[in-house]
Amino acid sequence: MTQRIAVLSGRGGAGKSLLTCGIGEALAGLGKTVLLVDGSQGLRSLELYMGLTEGILYTCPDLAAGKCRAADVLVEDENHPGLWLLPAAQNLPSDKDLKENYGKALEIIQNGGEDVPSFDFILTDCGGSPESQLTLAALSERPVLVVLPDPAGLRAADKLRKLTAKEPEMIINRFDSRDLAKHLLPSPGEFQEMLPLPVLGIFEENDGLRRAVLTGGDVVREMPEFANTAKRLLGQTVPLPLLPGLLEDASVLAAQTPEISGKRESFWSRVFGRGK
Ligand SMILES: Nc1ncnc2c1ncn2[C@@H]1O[C@H](COP(=O)(O)OP(=O)(O)O)[C@@H](O)[C@H]1O
Ligand SMILES: [Mg+2]
């Protein structure tokens, strides 16, 4: 039985494509057969994160329109056995026939055929406007919100979670423990009070990861949280980072840092009308 997961954020630059790629690679590393769907019609990027710059002959709308077979459009990642990509069109407006293109293409792929793998997971990297992201998310049964830990990121996530058909889980991305130590940032626990969603993963801001993206390096190797998030998706219990280990480190750091929590606390609670 295939599990369809939609990765969305409402905002560009939250890390959806990078996280989709890394979690997909990690799931494949755990022996799963995984399809990553690039949902950024008109401005695709997932193949760049996956390092698949060659081999794209057809795209999702070609499959939906019957211009090719599923086996022609899917690109296999030879460096990660079990991982495949459904590329987005690069030359269509971002919201043109989105529901039809992706709905039909996924139906064809899931109906299978001789040369089409049977996927354990289909992860859609939902791109474009919040409306486009929600259109794509409606094709999956498990929405996952990527949340940036800043006021605008929290607002975007809070808005989107009310619009998804099913309550999403969340991944907090680009969490900076130095900001946490300085009390500039709510802790993951406080975060969850403001945005009460199950947490699937917490990714720190990470220079190694950023460099791996710039050089086509292995993103999964840079952060164990990719494999841990993949395991949580499989239903395994894996402790979240920053809870409580880093919080202890953070309190040590915080003790050495001038107290400025009052500013942050009043700011975040003004923005969200609650918080600590
Ligand atoms: N945890 C992180 N640490 C460092 N850089 C990150 C992290 N998450 C994302 N990035 C960088 O942020 C940028 C935007 O990420 P991307 O996945 O393209 O966002 P989106 O798909 O949501 O628009 C990329 O350059 C990516 O490498
Ligand atoms: Mg993207």
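Residues numbered from 1 in each chain as written. Chains lettered and ligands numbered in written order. Predicted model: local features only at pLDDT ≥ 70, side-chain atom pairs only at ≥ 80, totals over all residues.

Draft legend 1. Representation of the pairing of strand 5 (residues 121–126) within the structure. The element strand 5 is largely enclosed, with a buried count of six among its six residues. Both faces of strand 5 are covered, namely the face carrying F121, L123 and D125 and the face carrying I122, T124 and C126. Summarising the sheet, strand 2 (residues 34–39) and strand 5 pair through six bridges and their orientation is parallel. Within the sheet, the bridge partner assigned to V34 lies in strand 5 and is F121. (Buried ≥ 20, exposed ≤ 12 C-beta atoms within 10 Å, placed from the backbone. Helix = DSSP H or I, 4+ residues; strand = E, 2+ residues; numbered from the N terminus. Pairing = 2+ DSSP bridges.)

Draft legend 2. Inspection of the confidence of the model for the protein at higher detail. For the protein, the average pLDDT comes to 88, and 88% of its residues sit at 70 or higher. In the predicted structure, residues 256–260 sits below a pLDDT of 50 and forms four contacts with residues beyond four places in sequence or in another chain. (pLDDT = per-residue confidence, 0-100. Contact = placed C-beta atoms within 7 Å.)

Draft legend 3. Structural context of the packing of helix 5 (residues 98–111) against helix 6 (residues 130–137). Relative to each other, helix 5 and helix 6 sit at 30°, their axes nearing to 9 Å. One element, helix 5, and the other, helix 6, form an angle in the roughly parallel class. The two elements helix 5 and helix 6 meet at a crossing, and its hand is right-handed. Judged by residue contacts, L98, K99 and Y102 of helix 5 engage S132, T135 and L136 from helix 6. Along the lines of polarity and charge, the residues of the contact of helix 5 with helix 6 split into three nonpolar, two polar and one charged. (Axes fitted to C-alpha atoms, helices over the stretch in contact; angles between N-to-C directions. Parallel < 35°, antiparallel > 145°, perpendicular 65-115°, else oblique. Left-handed = near helix turned anticlockwise from the far one by under 90°. Nonpolar A, V, L, I, M, F, W, Y, C, P; charged D, E, K, R; others polar.)

Draft legend 4. Quick peek at the environment of Q192. Looking at the secondary structure, you find Q192 in helix 9 (residues 188–194). Overall, Q192 belongs to the partly exposed group, with 16 C-beta atoms counted inside 10 Å. For the pair formed by Q192 and M170, sequence separation is 22 residues and the distance between their alpha carbons is 9.5 Å.

Draft legend 5. The pairing of strand 8 (residues 199–204), seen in detail. With five of six residues buried, strand 8 is to be regarded as a mostly interior element. Judged from the four bridges that link them, strand 7 (residues 169–175) and strand 8 form a sheet pairing that is parallel. Opposite F175, over in strand 8, you have E204 as the bridge partner.

Draft legend 6. Molecular detail of the nonpolar core. Counting 73 residues, the largest nonpolar core has V34 and M170 as its most contacted members. With seven residues, the top contributor of residues to this core is helix 1 (residues 16–29). Once residues lying within four places of it in the same chain are set aside, the contact partners of V34 are G24, L27, A28, G82, L83, W84, F119, D120, F121 and L123. (Core = buried A, V, L, I, M, F, W, Y, C linked by C-beta atoms within 7 Å.)

Draft legend 7. Layout of the site of ligand 1. As a structural note, the neighbourhood of ligand 1 is formed by 17 residues, with G15, K16, S17, L18 and V213 the closest of them. Going through the elements one at a time, helix 1, strand 7 and helix 10 (207–215) are the ones with two or more residues in the shell around ligand 1. (Near = placed C-beta within 6 Å.)

Draft legend 8. Looking closely at the sheet that holds strand 3 (residues 75–76). With respect to topology, eight strands assemble into an open sheet ordered 3-4-2-5-1-6-7-8, the strand pairing being mixed. Looking along the sheet, the strands with just one partner apiece sit at the ends: strand 3 and strand 8. The pairing of strand 2 with strand 4 (residues 83–86) spans four bridges and is classified as parallel. In the strand pairing of strand 4, V37 is matched with L86. Sitting on the sheet, helix 1 is in contact with strand 1 (3–8), strand 2, strand 4, strand 5, strand 6 (142–147), strand 7 and strand 8, with an inclination near 170° to strand 5. Its contacts with the sheet place helix 7 (residues 151–161) against strand 1, strand 6 and strand 7, and it is angled at close to 165° to strand 6.

Draft legend 9. Structural detail: unusual backbone geometry. Phi is positive for D97, close to 50°, though the residue is something other than glycine. Within the secondary structure layout, D97 lies in the loop between strand 4 and helix 5.

Draft legend 10. Fine view of helix 6. Those residues of helix 6 that sit buried are S132, Q133, L136 and A137. One side of helix 6 carries all its buried residues, which in axial view fall inside an arc of 135°. Residues of helix 6 that are buried make contact with strand 1, strand 2, helix 5, strand 5 and strand 6. (Arc of directions from axis to C-beta.)

Draft legend 11. Examining the environment of R232 more closely. Following the sequence through the fold, R232 ends up in helix 12 (residues 224–233). Owing to 21 C-beta atoms within 10 Å, R232 belongs among the buried residues under this scheme. Separated by 32 residues in sequence, R232 and L200 have C-alpha atoms that sit 6.6 Å apart. Residue contacts for R232: discarding those within four places in its chain leaves L200, G201 and V238.

Draft legend 12. Examining the packing of helix 1 against helix 12 more closely. Two elements in contact, helix 1 and helix 12, have axes separated by 8 Å at closest approach and are oriented at 70°. Relative to helix 12, the element helix 1 is oriented roughly perpendicular. Every pair of crossing elements has a handedness; the one defined by helix 1 and helix 12 is right-handed. Across the interface between the two elements, G22, I23, A26, L27 and G29 from helix 1 touch F226, A227, T229, A230 and L233 from helix 12. Taken together, the residues of the contact of helix 1 with helix 12 sort by class into seven nonpolar, three polar and no charged.

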